[in-house]
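# Survey of secondary and tertiary structure
If you want the building blocks of each chain, they are given just below.
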Amino acid sequence: MHHLAIMAAGAALLVGAGTGAVTTVGHSAPQTDNDVMNPMVDGQAMLPDSTILDNAARTTEHNAFVAEMRQAGYADLLNRGGYFTVFAPTDAAFAALAPEVRARLTANKTDAAKSAGYLVLRGKYDSTTLLKLIQENGGSLKLKTVEGGIITAMMNGPTNIALIDEKGNVADIAIYDIFQKNGVMQVVDKVMLPG
């Protein structure tokens, strides 16, 4: 896995070097609640007429993510209208963080807010939109977070999208396209951190 992370990070630098575009707005057409069949998360139904934070709070796999969003002041943002995309790490992903990183995020409100905002994008980036934009941008897509950082999206095999944070860490989307009334949640297997 470490070898894959190094290869993916290197490929992102090579592929993304020629493209300076940073994407900040999702391009997918909004879907109506009647069109959505969300995947289950941790055995819980993800309701398309609920907000991102409400759905994340339904699972037992996103306690740390929900707590981080609330502590950092993003609860209102993820409960109001508009379209947002969140890359929601599981509790196992938070538990895998180095102890000193977890301690810093718990103790320092500025770092916690920056970390939480790094997981949120303005716009609705479902898998179809991400795949299309990755192809249109030469295989690597730079996404601007609400915190102001950059996450790079690229393909990891023929069907899997890998996300690379500013530190070069690679996360895979484990559960795609959980639609809510105010956006879409992508469940990721690692916590991405700003540089």
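Residues numbered from 1 in each chain as written. Predicted model: local features only at pLDDT ≥ 70, side-chain atom pairs only at ≥ 80, totals over all residues. Heavy atoms only, no water.

This part covers the confidence of the model for the chain. Chain-level statistics for the chain give a pLDDT mean of 81 and a share of 80% at 70 or above. Every residue in residues 1-34 is under pLDDT 50, and counting partners more than four places away or in other chains gives 59 contacts. (pLDDT = per-residue confidence, 0-100. Contact = heavy atoms within 4.5 Å.)

Further remarks concern the pairing of strand E5 (residues 150-155). Pairing of strand E4 (residues 140-144) with E5, which is carried by 5 bridges, proceeds in the antiparallel orientation. Paired with Leu143 across the bridge in E5 is Ile151. A loop of 5 residues connects E4 with E5, the two strands running antiparallel in sequence, and Gly148 in this loop sits at a positive phi of about 105 degrees. Sheet topology places E5 next to strand E6 (residues 161-164); 4 bridges connect them, and they run antiparallel. The residue bridging Met155 from the neighbouring strand is Ile161, located in E6. In this antiparallel pair of consecutive strands, E5 and E6, the connection spans 5 residues, and Gly157 shows a positive phi of 95 degrees. (Pairing = 2+ DSSP bridges. Helix = DSSP H or I, 4+ residues; strand = E, 2+ residues; numbered from the N terminus.)

With that out of the way, let us pick up the pattern of salt bridges. All told, the structure shown has 2 salt bridges when counted by the stated rule. Across the pair Asp111 and Arg104 runs a salt bridge whose closest N-O atoms are separated by 3.0 Å. Its relative accessible area of 23% is what places Asp111 among the partly exposed residues. Here Arg104 falls in the partly exposed class, since its relative accessible area comes to 38%. (Salt bridge = Lys/Arg side-chain N within 4 Å of Asp/Glu carboxyl O. Buried < 20%, exposed > 50% of the residue type's maximum accessible area, 1.4 Å probe, protein only.)

This part takes up unusual backbone geometry. For Asp177, which is not glycine, the phi torsion reads 55 degrees and is therefore positive. With respect to the helices, strands and loops of the structure, Asp177 is situated in strand E7 (residues 170-180).

Packing of helix H3 (residues 63-71) against helix H7 (residues 109-117) brings their axes to within 9 Å, and their N-to-C directions diverge by 120 degrees. Overall, the two elements H3 and H7 adopt an arrangement that is oblique. Handedness of the H3/H7 crossing: left-handed. Facing H3, whose interface residues are Glu68, Met69 and Gln71, H7 presents Ala112, Ser115 and Ala116. (Axes fitted to C-alpha atoms, helices over the stretch in contact; angles between N-to-C directions. Parallel < 35°, antiparallel > 145°, perpendicular 65-115°, else oblique. Left-handed = near helix turned anticlockwise from the far one by under 90°.)

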